[in-house]
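Chain by chain, the residues run as shown.
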Amino acid sequence: MQLTNRSKVVSNKVQSFSERIYFPAIISGMAVTFSHLFKKRPTIMYPEQKREMAPIYRGQHVLKRDENGAERCTSCGMCAVACPAEAITMTSGERKKGEEGLYREEKYAKTYEINMLRCIFCGLCEEACPKEAIFLTDRIVDADYERDDFVYGKDKLVEKVDKRIDVTKRQTPEVLAFKKIPGLKHNELYTDKLNKGKH
Amino acid sequence: MKVTIDGIEIDVPKGTTILQAARMIGPEVAPPAMCYHSKLKTSGGYCRTCIVKVTQGSAANPTPMPKPVASCRTEVMDGMVVENFINKEVLEARKGVVEFLLINHPLDCPVCDQAGECKLQDLGYENGAASTRYEFKRREFEVIDIGDKIKLHMNRCILCYRCVKTADQITNDRVHGVISRGDASEISTYIENVIDNDFSGNVIDVCPVGALTDKTFRFKQRVWFTKPVDAHRDCKVCSGKSRVWLKGEEVLRVTARKDQWDEVEEFICNSCRYDHKKTSDWVIEGPSPVNRNSVISQNHYEHLNQLKLQVLKQQKALGFMPLDKKP
């Protein structure tokens, strides 16, 4: 039975003299190598030199603060339920009196962890977030030695008050309008059904 | 008595309401209901979400009723013809009702513990408009504790009176009710009296929204990350048949079992609800039935085949090529 049509017939032909001494083959190989000296170099010297990225590149996440510096995330769990890789976990806490400047709403994320090894950087968490709290950025997740170190907690995810991370490019009117297109929502099928009079 | 609902005829005994008759046929014709609760007497008639159009009053008098009626409070007549989902007027009216219910609702679902099992969410999703037209300030109340186990968020209340009826009918003496009228009406205890009754916790389960929530479960976990199982224990006060919400080995919450219509099957006592939060306290019978469209069934993989069927169905409706027929 033929398993694949990509199989090749192997020949046992005897090598000629010029093939046997290998010298011509070495010369032609060196010629290829040498010719590359005069070609444009594709390698860049990262991290000194960085490649240009798409403005909405999906790299390391950030948990945003609002204009007053309070954390936007309210630990609603929509990102975790949307996550196809199940990389996000969180526990919630209740805001106490006097913490209004720290957390935007009554409930906040006490811990919030993303396993960067599980994450596939699809951006569904960003899309699911009802509070505009989580965004993917054009930063690349750093290499590390231990697996545990890839579980990023709030210390690495929440942006620093004095070092805000700009995500305005992801919030262009087009993006915001896109989020509101009814045709792209799960809703539509249902409304269609209702309009046809079938439940 | 013969009654036709959405073109489906059914024979029901005298004294049945339209809503009950529709529920006998099945969920495809049953109108949604927020305030009606099958286990509570005199419940219903407040929220108006179950309105239907009666196009023929009875066989003897075939004149249609002039405006939509609340199906939970209207008894069937012989030969009555009712239109629910097939009537545009009803759907439009229900959309209006949902808009009214949501006028003062804070829409704080990301914070609310009821999110995921909230009837108002379902109702809004299925019948509501995508955005609000209301421009005024929503009414606001302080969050208060009713006893040490129940939290009352009056902002979220839709005044369905279910908890009041529960307190009236299940527990021996009622210490809470609705005070004030109209826009100012609110659920309150007598001077924030503590509800200490063996069955007071059931007001949490009957609440269709997140107004009354369990303080022992407050912000512990979103419901869709917990796993509901049916379990029982020997209880001297109640039947002990409960639904236990697990996260791993941990019991996060105990509620009463709910039926297909999301209404409590058997009321459970406070001891079962609050004091038995160890897996060893319970005899676990098996996973609770969860509607596959509910977010609680997310990340539970028991229903993969059903899911596939539904995806194929949706693709067909949208005109996509089915997954398995792709080249």
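Just above, that's the structure.
These numbers were taken from a predicted model, which means no experiment stands behind them.

J.: I'm lost on the packing of helix H2 (residues 88-101) of chain B against helix H3 (residues 119-127) of chain B in this one. Help?
T.: When two helices pack together, their arrangement is given by the angle between their axes and by how far apart the axes lie. Residue and element names in this part refer to chain B. As a packed pair, H2 and H3 sit with axes 10 Å apart at the nearest point and diverge in direction by 135°. If you check the angle between H2 and H3, you find them oblique. Crossing geometry of H2 relative to H3 is assigned as left-handed. Contact with H2, carried on its side by Arg94, Lys95, Val98 and Leu101, involves Leu120, Leu123, Gly124 and Asn127 of H3 and no other residues of that element. Here the contact of H2 with H3 is built from residues that sort into four nonpolar, two polar and two charged.

J.: Explanation requested: the environment of Thr172(A) in the structure shown.
T.: Structurally, Thr172(A) is set in the loop between helix H5 (154-157) and helix H6 (173-179). Along the sequence, Thr172(A) and Glu67(A) sit 105 residues apart, while their C-alpha atoms lie 18 Å from each other.

J.: Hey, could you run me through H2(B) in this one?
T.: Residue pairs spaced three or four apart in an α-helix point in one direction, given the helix's 3.6 residues per turn. Residue and element names in this part refer to chain B. Its 14 residues place the ends of H2 20 Å apart at the C-alpha level, agreeing with the 20 Å of an ideal helix rising 1.5 Å per residue. Those residues of H2 lying buried are Arg94, Val97, Val98 and Leu101. Mapping the buried residues of H2 onto a view down its axis gives an arc of 100°, with all of them on the same face. Across H2 from its buried face, at more than 90 degrees, point the exposed residues Glu89 and Glu92.

J.: Please explain the pairing of strand S3 (residues 51-56) of chain B as it appears in this structure.
T.: All names here are of chain B. As judged from the two bridges shared by S3 and strand S4 (residues 69-70), these two strands associate in the antiparallel manner. Looking at S4, one finds that Val52 is bridged to Val69. The sheet contact formed by S3 and strand S5 (residues 80-83) spans three bridges and is antiparallel. Pairing of Val54 across the sheet is with Val82, part of S5.

What counts as what
Residues numbered from 1 in each chain as written. Chains lettered and ligands numbered in written order. Predicted model: local features only at pLDDT ≥ 70, side-chain atom pairs only at ≥ 80, totals over all residues. Axes fitted to C-alpha atoms, helices over the stretch in contact; angles between N-to-C directions. Helix = DSSP H or I, 4+ residues; strand = E, 2+ residues; numbered from the N terminus. Parallel < 35°, antiparallel > 145°, perpendicular 65-115°, else oblique. Left-handed = near helix turned anticlockwise from the far one by under 90°. Contact = placed C-beta atoms within 7 Å. Nonpolar A, V, L, I, M, F, W, Y, C, P; charged D, E, K, R; others polar. Expected span 1.5 Å × (residues − 1). Buried ≥ 20, exposed ≤ 12 C-beta atoms within 10 Å, placed from the backbone. Arc of directions from axis to C-beta. Pairing = 2+ DSSP bridges.

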